[in-house]
Each structure stands twice: as structure tokens, then as C-alpha cells.
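# Examining the three-dimensional arrangement
One letter stands for each residue in the lines below.
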Amino acid sequence: MDTKFTPEDLAFRDEVRAFLDENLTDEIRSAAVGGDIQPETIVKWQKILFDKGWIAPNWPEAAGGTGWSVTQNYIFENECAMAGAPAVVPFGLKMVGPVIYTFGSDEQKQRFLPDILQSNVWWCQGYSEPGAGSDLAALQTKAELDGDHYVVNGQKIWTTYAQHADWIFCLVRTDSSGKKQEGISFLLIDMKTPGIEVRKIDSIDNQHSLNEVFFDNVRVPVANRIGEENKGWTYAKYLLTHERTAIAGVAQSKKAIQKLRDIASKEISGGEPLINDAMFQAKLADIEIELMALEYTELRVISSVAAGGAPGPESSILKIKGTEIQQAIAELSVEACGHYAHMLNEENPIGNDYAWAVSAKYLYGRASTIYGGSNEVQKNIIAKMVLGL
Ligand SMILES: Cc1cc2nc3c(=O)[nH]c(=O)nc-3n(C[C@H](O)[C@H](O)[C@H](O)COP(=O)(O)OP(=O)(O)OC[C@H]3O[C@@H](n4cnc5c(N)ncnc54)[C@H](O)[C@@H]3O)c2cc1C
């Protein structure tokens, strides 16, 4: 494995840094905290990236991607995270976009991809249901054919940012007669269609990101189905590998450690900055070592992809370790802020003004080992696919 950057890679890194210096304002940096998000500001940032031609590094060039090498992708992700750029909203760019350019018809590509690249349309993900999370194929939301439309009835849950969404991509049941994976279809549904209701779910971080979405006789054109009827499970699984790789968040964790160091330099413990405390340093070092090991695992995967390989079940390893590290950093950040971290009050923060955000991030971050497929389920995947158990 060769993980050294070439002179061209270093020149590219400088170009990215110069772009970020010029375009990344404090307003844009503050667009995402914990589970909360400022949709207009995020969209503004995404449009800046689109204008530069850098909005979809992971897409094939023909579909609107950058044509970068995997190393350039890695550099870009790292530089954005370290500069404090908010992550792009994944539902269009990292989830349904790749499904559409891989499995969609030409009409669907022309209709949906430009709006995803330009961030004109906000998407959300309608996979989970009250009885179908880890066992996703048990989903019950039904779509019945009626002429050139499907009539959709049922309920989705945990639908992140459905309150902002223009469109939802949904897994629906179109056949109940055989194996449950073989009766699922993948539909694109306009959220303005009559019969859709979004209900807020209050979450522990005191922010609004989660929702339930109800479908009551919602008419969806058959033309909005991706690929073949009853083959949606194939497209759904393809999307999940994209989702899981994105969740590992090594670059974001590096930035979070930088922030934690900053907080620990401001917080006083025993008359000295906390960062000088030997116990604190030991805890921080433990996390940094884990993160460094994870980064090398990620680089190994990148290096093998560059050599023509495929990431495979390593994405599950990245997801498990990545989310465990995210939670460890969030926990130590709360510890660093002491009692002030328990004041989840953005308007009237008590103590240092960063403490409420630390707390919101910690609380929202409890979910990272659950969403995108829980870590227990990822361990099952590793047991089967890597260890052959
Ligand atoms: C913050 C957040 C955002 C989300 N956003 C979205 C979204 O936008 N769209 C969407 O569709 N979904 C979303 N989800 C849903 C998410 O994908 C599910 O919560 C997840 O797949 C787990 O399903 P579940 O909640 O039904 O838990 P369950 O499947 O009921 O699992 C409960 C527990 O049992 C364990 N378990 C289950 N099966 C096994 C097994 N076979 N072996 C070992 N342990 C097992 C799990 O690990 C877990 O600890 C989100 C969830 C969260 C928390």
C-alpha cells in the first residue's frame, strides 16, 4: 500500500484550501449542529460547490461527477471537514442520485439528476417503518396498481428532514405472495401529492430532524418507479452501501478532535487548562490512536479501490469503528464541558457558549450506531461475509 501523496495531489490540496478560504463563511460553517440543520444555508453552500463543479465527487464523470481519483476525493473530504464545512445533505447526492444514474431510465436521469446536482430539490429517505428497521424487508407500506398509477398506503418512520423535503424515495410492497425481499419496489414520490402527512418526532437533542410520514391513497405515476417492479431490494441494498461508507466520517472525527482540544484548552480543571491534565490526555490519546488506525484502514480501502478492487464488507468495519469513535469524542467533549454540557439551551446558554452544541451533538450522536443499519447488524455482516461464520 502506498499512502504518500504525489506532488499533483499536494497541488490539488492547495487548490482546495484556497477555494475553502475564499468561499466558506462563518454563516455556512454554522449550518449544521447535532441533528439540526439550516436548510437555506446548506443549500447555499451546495450551490457554491455546484458552481465550482465539485458538488458530486463520488459520481461518475458522465453523470456530473468530478472525475477525481480516490485520493483526490479523500483530500477533498478531509480539507472540507478540517475547514469546518457542513457535510452535504446525503439523501439526494449520496443516496438516490447514485441509484438513479445506475438503475434509472433515461427520462428519470434527465428529469431528476440536474435538480439533485444543483440542490434545487430536497430528498428524504422512506425506508424504515415501525415494524421494519433492521429487518427492512418486512416493510408493509403497500403500492397497488391502478391504471398508470400506484396507490400507496402505509407509514414510514424516522424520516430525517422530511419536513424540508420536496421528494421522498420509498421502498413499497408490490407483492406479498413470495419471499419478502422479492415483492419490494422503489418509488420516487412528490411530497406535495395529496394524501401525504408529515408528523414531527421530538428527539433527545431538542432539535427537529425526525418525522413520521403517512400515506393515505397517494397516487404515484408508474413512471416514477425505478427499474423493475418487485426488484427494489437490489436497488435498496446498493443505496445502503453508499450510505454506510458515508457514515464512517473519519475526516469529521479529526475535526471534532481538533474542536475538543480547543475546548480543553479553555476549560479549567484544578487551576490549569484541562488539556494539561494527564488523565484527560490519556483519554484523548486513546481516541486518537483508534482514529489513526481507522484512517489507515480507510486508506487501505481507498488504495485497493484505486488499484481496481472493491470496498466490500470493509464498509461495515468502517461504519462500526467510525461511529464508536464519533461517540467516544462526543462523550469526552461533554466531560470536558462539565456541568455546562447539561444545559441544552441554545438561546440562553449558561457557561461557555459552545457547551450546548457539544451536548446536542452528543445526544444526537447516540443514534449513529443505529442509523444506516445498526452496529450489531453490521457485525452480523462481518461474521458472514468476512469471517465466513
Ligand atoms: C437519528 C436517526 C435517523 C434515521 N433516519 C432515517 C431516515 O432518514 N430514513 C429511514 O428510512 N430510516 C431512518 N432511520 C432508521 C434506522 O435505519 C433504523 O432505526 C435502524 O435500521 C434500526 O431499526 P429499528 O430502529 O427498527 O431497530 P430494531 O431493528 O428494532 O433494532 C432494535 C435493536 O435490536 C438489534 N437487532 C436487531 N436485529 C438484530 C440481529 N439480527 N442481530 C443482532 N441485533 C439485532 C439492533 O441492533 C438494535 O439494537 C433513522 C434512525 C435514527 C436513529
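Quick caveat: nothing in here was measured; it's all calculated off a predicted structure.

### Thoughts on the overall build of the chain
If you tally the helices and strands in the chain, you get twelve helices and twelve strands. In summary, the chain has a C-alpha radius of gyration of 22 Å against a globular reference of 21 Å for 389 residues, a match within 12%. Each of the three principal axes of the chain carries a C-alpha extent, and together these read 75 × 50 × 50 Å. A burial count over the chain gives 37% of its 389 residues as buried. Expressed as a percentage of contacts within the chain between residues at least 6 apart in sequence, the contacts between residues at least 24 apart total 71%.

### Concerning the pairing of strand 9 (residues 210-221)
In the sheet, strand 5 (residues 149-157) pairs with strand 9 via eight bridges, with the strands oriented antiparallel. When the bridges of strand 9 are listed, Val 152 appears paired with Val 218.

### Observations concerning the pairing of strand 4 (residues 142-146)
Regular strands place side chains that alternate from one sheet face to the opposite one. Alignment of strand 4 against strand 5, held across five bridges, turns out to be antiparallel. Of the residues in strand 5, the one forming a bridge with Leu 145 is Tyr 150. Counting the residues in the hairpin turn of strand 4 and strand 5 gives two residues, including Gly 147, whose phi is positive at 65°.

### Comments concerning the packing of helix 10 (residues 314-337) against helix 12 (residues 375-385)
Helix 12 packs onto helix 10 with a crossing angle of 145° between their chain directions and a minimal axis gap of 9 Å. Two packed elements cross with a definite hand, and for helix 10 against helix 12 that hand is left-handed. Counting all contacts with helix 10, which are made through Ser 316, Ile 317, Lys 319, Ile 320 and Thr 323, the residues of helix 12 involved are Asn 375, Gln 378, Lys 379, Ile 381 and Ile 382. Residues belonging to the contact of helix 10 with helix 12 are distributed by class as follows: four nonpolar, four polar and two charged.

### Let's talk about the domain arrangement of the chain
Interfaces are frequently sized by the accessible area removed from exposure as the parts join. Here the domain parsing of the chain yields domain 1 (7-88), domain 2 (123-231) and domain 3 (248-385). Taken over C-alpha atoms, the centre of domain 2 sits 32 Å from the centre of domain 3. Facing five residues of domain 2, the contacting portion of domain 3 comprises six residues. Taken together, the residues of the side of domain 2 that touches domain 3 sort by class into one nonpolar, three polar and one charged.

### Notes on the site of the ligand
Around the ligand sit 18 residues, and of these Tyr 127, Gly 133, Ser 134, Thr 160 and Ser 374 come closest. Elements with a minimum of two residues in the shell around the ligand: strand 3 (123-126) and helix 12. When residues in the shell around the ligand are grouped by element, the largest group, three residues, is from helix 12. A domain split of the shell around the ligand shows at least three residues from each of domain 2 (123-231) and domain 3 (248-385).

### As for helix 3 (residues 39-52)
At 3.6 residues per turn, the α-helix brings residues three or four places apart onto the same side. Between its first and last C-alpha, helix 3 extends 20 Å over 14 residues, near the 20 Å set by a 1.5 Å rise per residue. Where helix 3 ends, the next residue or the one after it, Gly 53, has phi of about 85°, a positive value.

### A closer look at helix 8 (residues 250-266)
For helix 8, which comprises 17 residues, the first-to-last C-alpha distance of 25 Å matches the rise-based estimate of 24 Å (1.5 Å per residue) to within 8%. Turning to helix 8, its buried residues number three or more, namely Val 250, Ala 251, Ser 253, Ala 256, Leu 260 and Ala 264.

### Some remarks on the environment of Thr 66
Among the secondary structure elements, Thr 66 is positioned in the loop between helix 3 and helix 4 (70-82). The sequence separation of Thr 66 and Trp 54 amounts to twelve residues, and the corresponding C-alpha distance is 6.2 Å. Sequence-distant contacts of Thr 66, that is, excluding residues within four places in its chain, are made with Gly 53, Trp 54 and Pro 57.

### Here's the deal with the packing of helix 4 against helix 8
Think of two packed helices as two axes; the pair is described by the angle between the axes and how far apart they sit. Running from N to C, helix 4 and helix 8 point in directions that differ by 30°, and their axes come no closer than 8 Å. With respect to helix 8, the axis of helix 4 lies roughly parallel. Both helix 4 and helix 8 take part in a crossing whose hand is right-handed. Contact with helix 4, carried on its side by Glu 77, Asn 78, Ala 81 and Met 82, involves Ala 251, Gln 252, Lys 254 and Lys 255 of helix 8 and no other residues of that element.

Thresholds applied
Residues numbered from 1 in each chain as written. Predicted model: local features only at pLDDT ≥ 70, side-chain atom pairs only at ≥ 80, totals over all residues. Helix = DSSP H or I, 4+ residues; strand = E, 2+ residues; numbered from the N terminus. Rg over C-alpha atoms; globule rule 2.2 N^0.38 Å. Buried ≥ 20, exposed ≤ 12 C-beta atoms within 10 Å, placed from the backbone. Contact = placed C-beta atoms within 7 Å. Pairing = 2+ DSSP bridges. Axes fitted to C-alpha atoms, helices over the stretch in contact; angles between N-to-C directions. Left-handed = near helix turned anticlockwise from the far one by under 90°. Nonpolar A, V, L, I, M, F, W, Y, C, P; charged D, E, K, R; others polar. Domains from an automatic or database assignment. Near = placed C-beta within 6 Å. Expected span 1.5 Å × (residues − 1). Parallel < 35°, antiparallel > 145°, perpendicular 65-115°, else oblique.

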